[in-house]
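Each chain, letter by letter, is given below.
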Amino acid sequence: MPPIDLRSDTLTAPCKTMRTRMATAEVGDDYYREDPTVRELEDYTAELLGKEAALFVLSGTMGNLLSIRAQVPPGSAALVSSSSHLHLNETGHLASICGITSHPVPTPAGKYLMTDLEKNWPVPTGSQRGSVLNPRLKLIAIENTHNGEGGRCLDLAYLDKLGRFARERALTFHMDGARLFNAAVSLGVEASALAAPLDSISFCLSKGLGAPGGAMIVGDRDFIEEARHWRQMVGGGMRQAGVLAAAGLFALEQNIDRLGEDHVIARRLAEGLLSLGLTVDLSAVETNIVMAYLPSHLPSPATFHQLLTDENVLVLPPKGNRFRFVIHKDLSADDVDLALTRMGTITNYDRRFR
Ligand SMILES: Cc1ncc(COP(=O)(O)O)c(C=O)c1O
């Protein structure tokens with residue numbers, strides 16, 4: 001019984017054509033900016049997102065770290081989503097490497113409530129003199145799509161509003177867009193439109209886009225040059241990186257539009273989970289991530305997780321009674337149907353043992 005692995009879209013494997021493109025990539029030494037494929041990827045990315053420049057980095061985590069370290073001085077403060085990857089899952093680089101105090105703020109459905117931001121303004125901004133005691137707030141970060149909130153999209157109107165809020169307070173506005181193209185496809189807008197209000201964006205070439213690694217950061221030329229310096233500082237400079245950049249180029253050229261297929265399959269999975277008795281808010285399924293809650297009449301979350309594993313349906317351990325299921329290009333509608341059939345044997349568990 002082959003496993004059906006719904007743990008993450010980080011599991012995508014490079015397809016044969018991507019591998020061929022990698023194998024035949026023209027390369028040079030990127031320390032000297034002489035790798036033509038890396039340069040092509042950076043130019044292509046800057047144009048795609050409508051920004052002056054882009055930098056190829058090793059990972060989404062490195063993209064966030066460099067974006068923030070290059071723009072915000074140590075000793076500052078940052079507003080971050082309390083359920084964001086940046087806050088919870090990046091080893092604390094904001095504190096340890098960037099020297100920044102985080103102010104985590106809840107983001108139901110992925111969004112800060114403007115009332116939370118306006119009324120409970122935590123610390124003085126860069127341009128506003130407050131108590132000498134407080135770190136100065138210099139950055140606001142968002143995540144689009146928001147992974148921890150179920151792949152929710154931040155739309156243009158919201159981004160514009162938050163962009164204005166940031167500009168009026170002289171805050172740097174950064175987007176962790178690890179899954180930015182999922183948002184663009186789901187919202188039916190260009191990624192460049194979603195990027196427009198931001199000073200910096202980091203997005204992943206791995207995950208749904210299917211490259212074996214790598215991420216990009218984009219913004220204005222000075223910022224990217226500063227980030228290049230910090231990339232070197234943290235040991236992220238590469239030599240003949242064109243081999244990996246070729247995968248990124250292929251991912252951006254070939255794998256953006258098809259993300260919509262993942263979203264359709266995710267909805268199919270969400271509807272299936274609902275019919276098996278799990279609690280799912282279908283209106284919250286906007287991209288490739290499905291959050292499902294285990295009702296109390298089913299086995300405990302830990303038991304349910306073990307039973308899923310026994311049935312070879314792989315998901316990460318639950319948070320409370322919440323399970324996350326993630327769809328990507330290497331999972332088909334048939335895989336999802338099979339997973340649902342296997343899960344059906346578990347959701348009947350309580351009937352079997354009553
Ligand atoms: C929202 C988000 N941001 C950043 C990252 C980090 O990406 P990487 O694994 O490439 O460091 C992830 C990884 O899953 C993510 O989900």
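Residues numbered from 1 in each chain as written. Predicted model: local features only at pLDDT ≥ 70, side-chain atom pairs only at ≥ 80, totals over all residues. Heavy atoms only, no water.

## Focus: the domain arrangement of the chain
Where the parts come together, the accessible area they lose is often given as the size of the interface. Our working rule: Just so you know, the domain bounds were taken from an automatic or database domain assignment. Here a residue-residue contact requires only that any non-hydrogen atoms of the pair lie within 4.5 Å. Once two parts are put together, the accessible area they lose, assessed with a 1.4 Å probe and summed over both, is termed the buried area. What counts as a salt bridge is simple: a side-chain nitrogen of Lys or Arg found within 4 Å of a carboxyl oxygen of Asp or Glu. Two N or O atoms count as a polar contact when they lie within 3.5 Å, although within protein this holds only if one can serve as hydrogen donor and the other as acceptor, and sequence-adjacent residues are included solely when both atoms are side-chain atoms. Each helix is a run of DSSP H or I of at least 4 residues and each strand a run of E of at least 2, with the numbering of both proceeding from the N terminus.
Each domain of the chain was delimited in the assignment, giving domain 1 (16-254) and domain 2 (258-348). Just the C-alpha atoms count here: the centres of domain 1 and domain 2 sit 29 Å apart. Taken together, the 18 residues of domain 1 in the interface contact 14 residues of domain 2. Together domain 1 and domain 2 conceal approximately 1300 Å² of surface at their shared face, both sides included; 51% is due to carbon and sulfur atoms. Applying the counting criterion to the domain 1 and domain 2 interface returns 1 salt bridge. With its nearest N and O atoms 3.5 Å apart, the salt bridge here joins Arg-152 to Glu-286. Run the count over domain 1 and domain 2 and you get 7 residue pairs in polar contact (both at pLDDT 80 or more). In terms of residues, the side of domain 1 that touches domain 2 owes the most to one element, helix α8 (residues 180-187), which gives 5 residues.

## A look at the nonpolar core
Heads up, the condition is: Buried Ala, Val, Leu, Ile, Met, Phe, Trp, Tyr and Cys residues form a nonpolar core when they are joined through side-chain atoms within 4.5 Å. Only protein chains enter the accessibility calculation, which uses a 1.4 Å probe; a residue is then buried when its area is under 20% of its type maximum, exposed when over 50%, and partly exposed in between.
Residues Leu-49, Phe-56, Ile-140, Ile-142, Leu-162 and Phe-181 are the most contacted members of the largest nonpolar core, which totals 52 residues. Counting residues per element, this core draws most heavily on helix α11 (residues 242-254), which supplies 6 residues. Residues within four places of Ile-142 in sequence aside, it is in contact with Tyr-112, Leu-154, Leu-159, Leu-162, Phe-173, His-174, Met-175, Asp-176 and Leu-198. Leu-269, Leu-298, Phe-304 and Val-336 belong to the second largest nonpolar core, which has 28 residues in total.

## Description of the pairing of strand β9 (residues 289-293)
Filter applied, for reference: Two strands are said to pair when DSSP picks up at least two bridges between them.
For β9, the buried fraction is high: 4 of the 5 residues fall into the buried class. As paired strands, β9 and strand β11 (residues 322-326) are joined by 5 bridges and run antiparallel to one another. Note that in β11 the partner of Met-291 across the bridge is Arg-324.

## As for the packing of helix α3 (residues 60-71) against helix α10 (residues 221-233)
As a reminder of what qualifies: Working convention: axes come from line fits to C-alpha atoms, limited for helices to the stretch in contact. Angles between N-to-C directions cover 0 to 180 degrees. Left-handed describes a crossing whose near helix is turned anticlockwise from the far helix through less than a right angle; right-handed describes the clockwise counterpart. By the convention adopted, Pro, Cys, Tyr, Trp, Phe, Met, Ile, Leu, Val and Ala count as nonpolar, Lys, Arg, Asp and Glu as charged, and the other residues, Gly among them, as polar.
Interaxial distance between α3 and α10 falls to 8 Å at its minimum, and their mutual angle equals 115°. Both α3 and α10 take part in a crossing whose hand is right-handed. On α10, the residues touching Met-62, Leu-66, Ser-67, Arg-69, Ala-70 and Gln-71 of α3 are Phe-223, Glu-226, Ala-227, Trp-230 and Arg-231. Across the contact of α3 with α10, the residue classes tally to 6 nonpolar, 2 polar and 3 charged.

## Let's talk about empty space enclosed by the protein
Convention followed: Grid points spaced at 1 Å and placed over the protein atoms alone form the basis of the search, with a cavity being a set where a 1.4 Å probe fits but cannot get out and a pocket an open set showing protein on both sides within 12 Å along at least five of seven lines. Lining residues have an atom within 4 Å of a point. Grid points are joined across faces, edges and corners, and a volume is the space filled by probe spheres set on the points.
The tally for this structure, following the rule as stated, stands at 1 cavity of 30 Å³ or more. Together, Ala-178, Arg-179, Leu-180, Phe-181, Asn-182, Cys-204, Ser-206, Lys-207, Gly-208, Leu-209 and Leu-259 line the largest cavity. The element contributing the most residues to the lining of the largest cavity is α8, with 3 residues.

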